[in-house]
Amino acid sequence: MKKKILKLFTVLLLSGMLVLTGTGCSNGSSNGEVVTDLLGRQVTIGSDVKTAVAIGPGALRLYCYAGDTKKLCGIEQIEVDSTLGRAYMIANSDLQSLPVIGAGGPANSPDAEKLIAAAPDVIFTTYASDASAADELQQKTGIPVIAISYGTTAPFSDQLNQSLTLIGQVMGTEKQASKVVDFLNNCKSDLTARTSNIADSDKPTVYYGAQSMKGTHGIESTTGNYSLFKALNTQSVVDTANISGYVMLDKEKILEWNPDIIFIDLGGLSLVQKDYAQNPSYYFTLSAFQNGQTYSQLPYNYYSTNIDVALIDAYYMGKVLYPDQFKDVDITDFANKTFKTMLGTDKDIYTELVNSFGSLDQLNFQK
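Think of each chain on its own: its residues are numbered from 1, step by step along the sequence as written. Selection of residues for local features in this predicted model requires a pLDDT of at least 70, selection of side-chain atom pairs for listing and counting requires 80 or more, and totals for whole chains, interfaces and linings are taken over all residues. In computing side-chain properties, one takes all heavy atoms of the structure into account and sets aside hydrogens as well as water.

Q: So, the overall build of the chain: which residues are in play, and what are the values?
A: Numbered from the N terminus, helices here are DSSP runs of H or I no shorter than four residues, and strands are runs of E no shorter than two. From N to C terminus, the chain includes 16 helices and 10 strands. Atoms counted for the radius of gyration: C-alpha only. Globule rule: 2.2 Å times the number of residues to the power 0.38. Against the compact-globule benchmark of 21 Å for 367 residues, the chain has a radius of gyration of 23 Å, which places it among compact chains. Its C-alpha atoms give the chain principal-axis dimensions of about 70 × 45 × 40 Å. Whether a residue is buried, partly exposed or exposed follows from its accessible area with a 1.4 Å probe, protein chains only, as a fraction of its type maximum: under 20%, in between, or over 50%, in that order. Looking at the 367 residues of the chain, the share that counts as buried comes to 53%. Here a residue-residue contact requires only that any non-hydrogen atoms of the pair lie within 4.5 Å. Considering only intrachain contacts with a sequence separation of at least 6, the fraction spanning at least 24 residues in the chain is 70%. Reported accessibility uses the Shrake-Rupley method at a 1.4 Å probe radius. Residues are deemed covered only where the shown protein chains occlude them. A total of about 16,500 Å² of accessible surface is found on the chain, and carbon and sulfur atoms cover 49% of it. Positive residues here are Lys and Arg, negative ones are Asp and Glu, while His and the chain termini are left out of the count. A single reference atom marks each charge: NZ on Lys, CZ on Arg, CG on Asp, CD on Glu. With 28 positive and 38 negative side-chain charges, the chain shows a separation of 6 Å between the mean positions of the two kinds.

Printed below as a string of structure tokens:
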């Protein structure tokens, strides 16, 4: 009981100190700046933000794209536990030594006590689903809380671009944020220009399976209105059934659609291979398996969307689907350019991803 009282007293004391000194207080000094976050909240920040934390699924990733990692003063435990598939952590492995500010993960809530102890000038968060949740965390900590978002159509969305711009504005890294936003916009325009004039009759029918979603799954795991297909002006066979969002299909439905080309998420490839070994007749009823038209895709959903990896997948899919329109694209060169632009690193992150999951290539299934 005494420990609980002492713990509570410490939190209250730290909160009081933050308010008294004006550190991160949203109602702070008159020379502060007011910004509008992705929930439409007006948040007052100090005139010189020196430290920050980013909490919630994908928040640290967006910060690494647009902010100054040297100003981070804490990290979630989930980011420390593994860098698998997360280019931003591979590029910034030194962040793992920062003080832990909470468990992290989509099922957990922010740890107000640890956030207060870290004493950042601002908190960027993707946890808050509404203004009241962000306001509550701000009141608990006495630190300005700024909600950011990926939107629902990553890697290309207005909310994503607004979030990157906002991080740059708050952290004084407008140039880096602008560079990343411009790169994303240029990629979107480029993909559109390469594919928008292709006649529907010249487009193969396609399917994306074994999608990673809170774990790995078999070929029946997929998404309707898949953002990468949409970026390539391509309709998945799943879309013909008016399915939107993530879904676990009946495998017989894939047989009914019988797509020309199938992309398989490398995260779930081993499950497809295991199922194939047990039931090869199912797979070789599919034209894509009969004709050797199965291809890999790097998994890019690890604690939300790895925007950089999704871009690489999109361009690789473009090369498979429309080889003439993408014949000038070298995937390794594009990957290196993407990581350099978005993360400012010369590390060979693409090779590390390939070593972890496998290469972007045609898959070999034999009868």
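Q: Describe the nonpolar core, listing the residues and the values that go with them.
A: To form a nonpolar core, buried Ala, Val, Leu, Ile, Met, Phe, Trp, Tyr and Cys residues must be joined to one another through side-chain atoms within 4.5 Å. If you look at the biggest cluster of nonpolar residues, it comprises 116 residues, and the most contacted ones within it are Phe124, Val170, Phe263 and Phe339. Tallying contributions element by element places helix α14 (residues 307-321) first for this core, with 11 residues. Those residues in contact with Phe339, other than ones at most four positions away along the chain, are Ala87, Asp308, Val309, Ile312, Gly344, Thr345, Ile349, Tyr350 and Leu353.

Q: I'd like a rundown of the pairing of strand β7 (residues 221-224), residues and numbers included.
A: Neither face of β7 is left uncovered, since the one carrying Ser221 and Thr223 and the one carrying Thr222 and Gly224 both have all their residues buried. Taken together, the four bridges between β7 and strand β8 (residues 245-248) define a ladder with antiparallel strand orientation. Across the sheet, the residue bridging to Thr222 is Val247, located in β8. Each pair of strands is called paired provided DSSP finds at least two bridges between the two strands.

Interpretation in functional terms is not warranted from these geometric data alone.
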